[in-house]
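Now for the letters of each chain:
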Amino acid sequence: MSLDDLVVSTEKIDTVYVTKLQGNLNNFTAEKCIKSVTNSLKHGSVILDLEELNMVTTQGIIAFKTLNEAAFLQKHKIILINLPLSVRQAFLMAGVRNLFPIANNEEAAFKMASRPSR
């Protein structure tokens, strides 16, 4: 997989969208990620499975911030699951904390997603 590859796959389960990101989130792929997740947010909350996300650059962090704003505007949630160490480190290095709730597993994420937003 090259640096400009990102596979975004989304599955709707009840009223929640589960989106898996595979590859790299950078300046080449950020827009693709934002468009896909924002489209899902129009219809419900999103669980982002990051297990196969290899790398997040500064532009990827900006994409996550953009998604946070979109979730707020749509009054839906984005919940992260399966964060690789490299993604956690990218968040820490960028000084990003508590941007999204992080669930321990998919079941916990569904419970979080089904709770009403404030």
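Residues numbered from 1 in each chain as written. Predicted model: local features only at pLDDT ≥ 70, side-chain atom pairs only at ≥ 80, totals over all residues. Heavy atoms only, no water.

**So, the packing of aromatic side chains**
Aromatic ring pairs are reported here in terms of the distance separating the ring centres and the angle at which the planes meet.
Now for step 1: With the rule as written, the count across this model stands at 2 aromatic pairs.
Now for step 2: Judged by centre distance (5.2 Å) and plane angle (75°), the rings of phenylalanine 64 and phenylalanine 91 are edge-to-face. With phenylalanine 64 in helix α2 (residues 58–74) and phenylalanine 91 in helix α3 (residues 85–93), this residue pair connects regions lying 27 residues apart in the sequence.
Now for step 3: Phenylalanine 64 gets classed as buried once you look at its relative accessible area, which sits at 1%.
Now for step 4: Of the aromatic side chains, those joined through ring pairs into one cluster are Phe64, Phe91 and Phe100. (Phe/Tyr/Trp six-rings, centres within 6.5 Å; stacked < 30°, edge-to-face > 60°. Helix = DSSP H or I, 4+ residues; strand = E, 2+ residues; numbered from the N terminus. Buried < 20%, exposed > 50% of the residue type's maximum accessible area, 1.4 Å probe, protein only.)

**Topic: the pattern of salt bridges**
Note that side chains of opposite charge can pair when their charged atoms are close.
Now for step 1: Overall, the coordinates contain 1 salt bridge when judged by the stated rule.
Now for step 2: Between lysine 111 and glutamate 107 there is a salt bridge, with its nearest N and O atoms 3.8 Å apart. Residue lysine 111 and its partner glutamate 107 are both found in helix α4 (residues 106–114); the two are separated by 4 residues, about one turn of the helix. (Salt bridge = Lys/Arg side-chain N within 4 Å of Asp/Glu carboxyl O.)

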